[in-house]
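One letter stands for each residue in the lines below.
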Amino acid sequence: PPAVEVLSAEKVFSNGTRGLAPIDLSIADGEFLTLIGPSGCGKSTLLKLIANLLEPSDGRLLWWRGDFAQVGQEGRHLAFVFQEPTLMPWARVEANVRLPLELADMPRAKADPLVKDAIARVGLSAFARHYPRQLSGGMKMRASIARALVTSPNLLLMDEPFGALDEFTRNKLDDDLVRLWWERKLTTIFVTHSIYEAVFLSTRIIVMAANPGRIFRTMTIDQPQPRD
Ligand code: ADP
Ligand code: ADP
């Protein structure tokens, strides 16, 4: 079944701004879908609708053919990575990554190996006991990704995760993201301003346009392959 279906969903904000014209979109399991387009074209709004952080003003969405309450019960179907790494400054990397498991009341004995694995997958094993302030921007972003992956989500949502990083660090993280996606074919929806990233990472690109936010073009491309 599709991971997410957006059924004529639109968003008018309380001040009257039309963030998103009615959109129909079906996201298949295993896709790496990238949303790209100018500021104000509704990328974040669409991503937040998919994350159920916003409610559509009209139309609806389905997650694995169900409503969000059903999905929410398991609580680990969706993970969200924001542009700014949102780490707790007073907690070590490992405690930051463990947080979603703690919130789900998972016992430490069960959580610890998952935390270790998630940290290893983003290449931060040597920094597990560091505090966020001891990490570079790229490493903080890696820690945020580890915290998203630790719950084994079925759907990973990323809102311009590397937008604040220098190009060199960003390219490294792009490579690693392809590798992560390749390992598990984790359904991912990714927002970026970078055409390079869109082409390099995605199996499908949706180009959006503004006033009102809408889908302008869709293109399906070959599956990305990790570079040697
Ligand atoms: P993008 O992520 O592509 O830059 P957004 O989804 O943030 O675009 O915004 C789409 C449109 O909706 C823009 O015109 C923006 O100003 C407007 N918008 C976004 N959030 C709000 C809000 N909370 N209240 C009013 N207007 C908003
Ligand atoms: P990333 O691509 O993960 O952002 P950077 O390019 O920022 O990595 O850093 C390159 C390498 O420099 C890191 O993998 C790490 O080994 C080392 N490094 C960066 N910041 C620190 C730090 N605060 N303390 C120790 N080593 C660091």
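- As annotated in an unreviewed UniProt entry, the protein chain is NitT/TauT family transport system ATP-binding protein from Bradyrhizobium erythrophlei.
- Taken directly from UniProt, the Function (unreviewed entry) text for the protein chain runs: "Involved in beta-(1-->2)glucan export. Transmembrane domains (TMD) form a pore in the inner membrane and the ATP-binding domain (NBD) is responsible for energy generation."
- Listed in UniProt under the heading Sequence similarities (unreviewed entry), the comment for the protein chain reads: "Belongs to the ABC transporter superfamily."

### Observations regarding the site of ligand 2
Here's step 1: Looking at ligand 2, the residues that line it are F127, Q134, S136, G138, M139, R142, T169 and K172.
Here's step 2: Within the backbone of Q134, one N or O atom sits 2.3 Å away from a nitrogen atom of ligand 2.
Here's step 3: In this structure, S136 approaches ligand 2 through a side-chain N or O atom, which is 2.7 Å from an oxygen atom.
Here's step 4: If ligand 2 stood free it would expose 550 Å²; the protein chains cover 54% of that surface.
Here's step 5: Looking at the shell around ligand 2, the elements that each hand over two or more residues are α5 (137-149) and α6 (167-184).
Here's step 6: Split into classes, the residues belonging to the shell around ligand 2 amount to 2 nonpolar, 4 polar and 2 charged.

### Notes on the pairing of strand β9 (residues 214-220)
Here's step 1: Relative to β9, strand β8 (residues 204-209) runs antiparallel, the two being bridged by 6 bridges. Looking at β9, one finds that I205 is bridged to M219.
Here's step 2: If you look at the hairpin formed by β8 and β9, you'll find 4 residues sitting between the two strands, and N211 has a positive phi there, around 55°.

### Description of the confidence of the model for the protein chain
Here's step 1: For the protein chain, the mean per-residue pLDDT works out to 92, and 97% of the residues sit at or above 70.
Here's step 2: The complex prediction reports pTM at 0.86, with the ipTM value standing at 0.71.

### Quick word on the packing of aromatic side chains
Here's step 1: Applying the stated rule across the entire model yields 7 aromatic pairs.
Here's step 2: With a centroid separation of 5.7 Å and 50° between ring planes, the pair formed by F32 and F190 is classed as tilted. You can see F32 sitting in strand β3 (residues 32-36) and its partner F190 sitting in strand β7 (residues 187-192), a full 158 residues away along the chain. Per residue, the accessibility class of F32 equals that of F190, and both read buried.

### Notes on helix α4 (residues 108-121)
Here's step 1: Here α4 spans 20 Å end to end across 14 residues, near enough to the 20 Å set by a 1.5 Å rise per residue.
Here's step 2: Buried within α4 are the following residues: A111, V115, A118 and I119. All buried residues of α4 project into a common sector of 95° when viewed along the axis, lining one side. α4 presents A109, K110 and K116 as exposed residues on the side facing more than 90 degrees away from its buried surface.
Here's step 3: The elements touched by buried residues of α4 are α3 (93-103) and α5.
Here's step 4: Directly after α4, the chain includes G123, whose backbone phi takes a positive value near 75°.

Thresholds, definitions, all that
Residues numbered from 1 in each chain as written. Chains lettered and ligands numbered in written order. Predicted model: local features only at pLDDT ≥ 70, side-chain atom pairs only at ≥ 80, totals over all residues. Heavy atoms only, no water. UniProt positions renumbered as here; feature names shortened; annotations may be inferred. Near = heavy atom within 4 Å. Polar contact = N/O pair within 3.5 Å; in protein donor to acceptor, adjacent residues only side chain to side chain. Areas by Shrake-Rupley, 256 points an atom, 1.4 Å probe, with all protein chains shown as cover. Helix = DSSP H or I, 4+ residues; strand = E, 2+ residues; numbered from the N terminus. Nonpolar A, V, L, I, M, F, W, Y, C, P; charged D, E, K, R; others polar. Pairing = 2+ DSSP bridges. pLDDT = per-residue confidence, 0-100. Phe/Tyr/Trp six-rings, centres within 6.5 Å; stacked < 30°, edge-to-face > 60°. Buried < 20%, exposed > 50% of the residue type's maximum accessible area, 1.4 Å probe, protein only. Expected span 1.5 Å × (residues − 1). Arc of directions from axis to C-beta. Contact = heavy atoms within 4.5 Å.

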